[in-house]
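Structural features, examined
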Amino acid sequence: MNIFYNVLERLIRIIWRMVRKAPAAVVICAVVLAAASAASSALWLKLDSDQDNLISHELPFQKRNIAQIKNFGDQEYMFVVIKTGGNDAGKQKAAKFAVSLAAKLKKRPDLVKEVHYAMSARDMGPGVLMFASPDELRQFVTLARDFGPLGKEWFEAPGLSRFLDMTAGLINGDKEGEKGGSVNSEMFNPFLGALDNLVGEMQSSLVSGPALETLNAPVFDLDKAGIQYFFTRNGKLLIMRILPKKDFRVMDVIGPSLNFVRSSLESVRAEFPDVEAGLTGRPVLSADEMHTTDQDMTIAAVISVVVVGLMFMFILHGWLRPMLVMGSLFCAMAWTFGFTLVTLGSLNLLSIVFALVLVGIGVDFGIHIVMRYVEAADSGMSPDEAVEEALVHTGPGILLGGLTSVCAFYAVLGQDFVGLAELGLVGGTGIIFCLISMLTVLPSMMLIAGRRNWFPSSRPRMATMPFMEKIISHPVAVLLVFAALTALAIPGIKKAGFNYNLLELQAKGLESVEYEHVLINDSDESTWFAVMTRPDLESVKSLIAELKKVPSVGRIESILDFLPEGQHEKAEILRGEAKAMAGINLEARNSYLVPAEVTASLENLIESLENLEEKLFSAGAKEELQKVTSIIDRADTCLEILEKTPADAVNLTPLQSRLVNELSSSFAWLKEILEVRSVTPNDLPDHLRSLYVGKDGRFMVKVSPVENVWDFEKLTGFVADLRKIDPEVTGVPVVVLESSLLMRETFLEAAGLTLILVSILLFLSSFSLSYVLLTLVPLFAGIFWLLEIMGLTGLSFNLANFFAIPVLIAIGVDGGVHFLARWKELSQGERLYHTSTPVAVGLSFCTTMIGFGGLLLAHHRGLASLGGIMVTGSATCLVGCMVVLPAVFRLIERIKGK
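Just so we're clear, the structure is a prediction, and the values are computed from it rather than from any experiment.

Looking at the overall build of the chain
Each helix and strand in the chain was counted, giving 29 helices and 14 strands. Taken against the 2.2 N^0.38 rule, which gives 29 Å for 898 residues, the C-alpha radius of gyration of the chain at 38 Å runs more than 25% over that of a compact globule. Reported as C-alpha extents along the three principal axes, the dimensions of the chain are approximately 120 × 60 × 45 Å. Taking all 898 residues of the chain together, 54% fall into the buried category. If you take every contact in the chain between residues at least 6 apart in sequence, the share linking residues at least 24 apart comes to 82%. Here the chain holds 78 positive side-chain charges and 96 negative ones, and the gap between their average locations is 10 Å.

As for the sheet that holds strand β13 (residues 730–731)
An order of β11-β12-β10-β13 is seen for the four strands of this open sheet, with the pairing classed as antiparallel. The open sheet has two edge strands with one neighbour each: β11 (553–557) and β13. Pairing between strand β10 (residues 530–534) and strand β12 (residues 699–705): five bridges, direction antiparallel. Paired with threonine 533 across the two strands is methionine 700, which belongs to β12. Seen against the sheet, helix α18 (residues 537–547) touches β10, β11 and β12 and runs at an angle of roughly 10 degrees to β12.

Concerning the nonpolar core
Most often, soluble globular proteins have nonpolar side chains that are buried together. Among the nonpolar cores identified, the biggest contains 145 residues, and Leu329, Met446, Leu762 and Phe819 are the most heavily contacted of them. Leucine 329 has contacts with Leu358, Val359, Gly362, Val363, Cys434 and Met438, leaving out every residue within four places of it along the chain. Membership of the second largest hydrophobic core comes to 114 residues, among which are Leu164, Ala580, Ile673 and Val732.

Observations regarding the packing of helix α27 (residues 804–825) against helix α29 (residues 861–896)
It is at 10 Å that the axes of α27 and α29 come closest, and there the two elements cross at 25 degrees. When the axes of α27 and α29 are compared, the pair comes out roughly parallel. Every pair of crossing elements has a handedness; the one defined by α27 and α29 is right-handed. The class makeup of the residues in the contact of α27 with α29 is 17 nonpolar, five polar and one charged.

Quick word on helix α5 (residues 134–154)
Taking 1.5 Å per residue as the helical rise, α5 with its 21 residues ought to reach 30 Å, and the 30 Å between its terminal C-alpha atoms agrees with that figure. Most pronounced at phenylalanine 147, the bend in α5 amounts to some 25 degrees, and the proline proline 149 follows within four residues. Of the positions making up α5, those classed as buried are Leu137, Val141, Leu143, Ala144, Gly148, Gly151 and Trp154. Those residues of α5 that are buried are in contact with α6 (160–172), α19 (567–574) and α22 (653–675).

Here's the deal with the confidence of the model for the chain
Keep in mind that low pLDDT regions are not for reading the predicted coordinates in detail. Per-residue pLDDT for the chain has a mean of 85; in total, 94% of the residues score no lower than 70. Scored below 50 in pLDDT, residues 174–182 shows 20 contacts in the model against residues more than four places distant or in partner chains.

Brief notes about the packing of helix α15 (residues 475–488) against α29
It is at 9 Å that the axes of α15 and α29 come closest, and there the two elements cross at 135 degrees. Classed by the angle they form, the pair α15 and α29 counts as oblique. The hand of the α15/α29 crossing is left-handed. Contacts between α15 and α29 pair Pro475, Val476, Val478, Leu479 and Phe482 from the former with Val879, Val883, Val884, Ala887, Val888, Arg890, Leu891 and Arg894 from the latter.

Some thoughts on a nonpolar patch on the surface
Taken together, the side chains of Leu753, Ile756, Ile760, Phe763, Leu764, Phe767, Leu769 and Leu773 present a nonpolar region at the surface, about 740 Å² in accessible area. Breaking the nonpolar patch down by element, the ones donating at least two residues are α25 (732–764) and α26 (769–793). Take the nonpolar patch: its biggest share by element is five residues, from α25. Tracing the backbone shows isoleucine 756 in helix α25.

Considerations on the side chain of glutamine 567
As for its position among the elements, glutamine 567 is in helix α19. Look at glutamine 567 and you get buried, because its relative accessible area is 16%. A polar atom in the side chain of glutamine 567 sits 3.1 Å from the backbone oxygen of proline 564. In this structure, glutamine 567 is in contact with Met130, Arg677, Ser678 and Val679, ignoring residues within four places of it in sequence.

What counts as what
Residues numbered from 1 in each chain as written. Predicted model: local features only at pLDDT ≥ 70, side-chain atom pairs only at ≥ 80, totals over all residues. Heavy atoms only, no water. Helix = DSSP H or I, 4+ residues; strand = E, 2+ residues; numbered from the N terminus. Rg over C-alpha atoms; globule rule 2.2 N^0.38 Å. Buried < 20%, exposed > 50% of the residue type's maximum accessible area, 1.4 Å probe, protein only. Contact = heavy atoms within 4.5 Å. Lys, Arg positive; Asp, Glu negative; His and termini not counted. Charge placed at Lys NZ, Arg CZ, Asp CG, Glu CD. Pairing = 2+ DSSP bridges. Axes fitted to C-alpha atoms, helices over the stretch in contact; angles between N-to-C directions. Core = buried A, V, L, I, M, F, W, Y, C linked by side-chain atoms within 4.5 Å. Parallel < 35°, antiparallel > 145°, perpendicular 65-115°, else oblique. Left-handed = near helix turned anticlockwise from the far one by under 90°. Nonpolar A, V, L, I, M, F, W, Y, C, P; charged D, E, K, R; others polar. Expected span 1.5 Å × (residues − 1). Bend = angle between axes of the 7 residues up to and from the residue. pLDDT = per-residue confidence, 0-100. Patch = residues over 30% accessible without salt bridge, like charges linked within 9 Å, V, L, I, M, F, W, Y side chains within 5 Å. Areas by Shrake-Rupley, 256 points an atom, 1.4 Å probe, with all protein chains shown as cover. Salt bridge = Lys/Arg side-chain N within 4 Å of Asp/Glu carboxyl O. Polar contact = N/O pair within 3.5 Å; in protein donor to acceptor, adjacent residues only side chain to side chain.

See the structure below:
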């Protein structure tokens with residue numbers, strides 16, 4: 001042996017002397033440290049669930065992304081997708097659905113920051129008239145001139161009775177060619193709708209009394225005049241954008257907000273059972289992925305611990321030895337939590353899985369010690385001698401194998417993919433702690449138990465595997481069979497690929513995934529948008545002109561969408577028109593409500609409506625006729641109540657106050673918009689300006705793709721097209737593309753570096769190239785067969801499972817190290833499968849397969865694929881280690897004549 005291996009042996013001897021001298025002290029110190037680590041971690045260890053922190057903020061693309069978020073704020077929305085069927089009736093139902101849902105969501109501003117589903121004239125700000133065409137503007141001016149005098153007259157003594165009388169007068173105006181007297185023909189249907197609302201409110205107030213929930217509600221809801229809902233271009237969907245409250249201190253970043261939105265959505269679905277709607281968007285997809293993976297990981301960890309424990313109990317024939325191994329593992333896991341608290345202070349979305357890694361890998365070290373102890377005890381050794389035999393003879397191999405696993409994790413340290421680098425630090429250090437625990441705590445507990453005769457007298461059910469000697473007794477035949485099978489499966493390697501589509505990693509059946517596909521397939525809408533910024537409006541115009549020429553670009557949004565053209569011409573049309581509102585006393589107090597006056601006004605209104613009814617019947621206007629008849633019926637009901645019980649008129653007082661307040665606000669708004677002469681970014685409402693104007697004054701341009709950017713090729717093409725125009729483009733598409741490429745590059749580098757470091761370690765422990773090659777036989781065979789099986793079964797590498805390769809490198813080499821070490825110890829005539837090493841190695845691979853095998857049950861397809869690769873790779877490495885490597889040993893023995 002060389003110096004390096006001698007160092008390992010001396011270290012093991014030092015550990016043995018410490019364990020033999022004070023086993024109880026070792027166990028007590030370990031348990032106390034574990035308890036302190038677990039308690040402090042439970043109190044202070046945090047979770048950083050911010051996905052932006054998984055990537056180094058020093059990378060140019062991430063630096064631009066973080067700067068953009070700080071400048072323009074968080075604009076990562078949830079999307080409620082409401083299906084309309086593409087017809088007017090469906091659109092009306094979808095609009096009512098959106099209104100109802102928005103009303104519920106706005107009740108919890110602590111959970112929902114913003115809700116956008118439509119835009120009214122009020123939402124556009126005082127410059128709304130500037131968006132009209134010159135002809136539309138002239139019509140509006142005419143309307144304002146007509147309503148100005150009416151408003152002035154009504155506000156002299158505003159009240160419900162007078163409003164009804166003036167309405168009757170408008171109906172009786174009888175301008176030739178118009179259905180409703182002096183009411184403009186284009187305003188006729190809205191006029192009837194508003195009157196229907198008023199009379200309906202009167203009927204409700206008189207029948208049931210004023211409702212508490214309507215005391216501050218508008219009567220006509222004039223603020224919603226001219227409302228435009230956010231329908232997709234083809235009209236098949238109505239889109240609601242919801243900005244949730246986020247808390248990155250917990251795993252479920254938008255958990256409370258998401259739960260509230262979903263419960264609200266469910267209640268609105270009950271109101272509108274014939275409307276199909278669902279929730280999606282990047283925050284929702286991320287939250288669903290987090291919930292699914294957390295649930296899957298928890299189930300997998302529980303399954304792993306339980307099944308590994310049961311397997312130990314079955315193989316080792318008893319519960320004490322397995323409990324000692326698992327207890328040592330739990331100590332190491334607790335220490336790892338403590339280490340993470342001291343060094344990082346938090347776990348990220350990747351490093352949190354280290355516990356599953358330790359169950360699959362860390363427990364292997366203890367298996368070798370226990371199996372060698374059983375073998376030694378069966379040969380008649382005392383407890384002290386058996387523990388020494390187990391520790392001294394397996395210790396160097398355990399250390400060497402453990403160091404190869406550490407290499408696999410530490411290979412990613414210092415990478416710009418911070419999430420993986422932190423997993424490497426925590427996982428690698430956790431394996432070191434497993435080494436320490438299995439080489440100190442486990443032998444100490446075994447020594448205590450052995451001295452007190454606590455171990456069962458029964459032998460393990462499987463301590464050796466003599467039947468395997470028959471299989472490898474014809475090494476040439478064995479190797480030829482495997483070579484032939486390998487050659488036949490070579491076409492599978494060509495099919496093994498890499499899938500970048502993150503949507504295909506999600507669990508099937510999730511509403512968020514289903515409706516993301518709906519957006520992709522049935523609309524021009526996208527939950528992803530790229531971001532470009534410009535310092536002034538002229539450069540924004542130039543940029544948009546360039547973007548419109550790019551085939552991969554779909555929707556383009558900017559501040560220019562809210563800055564009307566032809567403002568000078570429109571300002572000339574509006575010049576002086578605000579005088580139509582002059583003299584209106586918007587501060588006038590409500591008139592005293594007199595029952596007799598209301599009754600007389602109702603009679604007057606009914607008479608006017610009946611005259612209108614005759615005209616509509618003559619004109620054959622069936623739809624309008626039905627509306628007028630309905631209003632008359634309601635008005636008759638109100639009149640009957642007031643004639644029977646005049647005192648009930650008091651129930652109309654709150655309605656009159658609401659009417660006066662609403663009309664006061666509307667006329668004030670009308671006066672304000674008539675006075676506007678231009679619209680600049682500074683004139684826009686805050687909720688609009690903040691979307692497109694940053695804190696530094698730069699303007700944002702949002703660019704959505706025309707195709708499905710979950711498809712990596714289309715995403716790459718989209719970002720490439722944008723970078724030709726602006727190399728500093730940022731946003732979700734850029735971040736996802738660069739992060740995916742960075743992850744793949746990091747994984748490849750980690751796999752290559754792991755292989756190099758492992759080879760160096762093996763060479764240092766032997767200074768023999770043949771030793772290195774023999775040790776790598778199970779790894780090379782296992783990985784090659786894994787790739788073949790993946791190609792033949794359709795299992796692909798992806799961003800959730802690629803880190804399996806460095807881990808498989810470590811565990812594949814670990815098996816080879818122990819087999820080779822035991823083979824070199826064999827005396828003349830002694831056979832490898834008559835020793836406990838093959839059983840220990842087999843159990844080690846089985847624990848890894850069990851540790852990750854629980855993931856095969858995962859709903860998250862990415863985790864399930866990780867389980868598939870780890871189980872398949874562990875199985876192929878196991879076959880390489882248990883069959884191919886011993887056959888090579890037997891062939892070498894024959895060549896040497898041993």
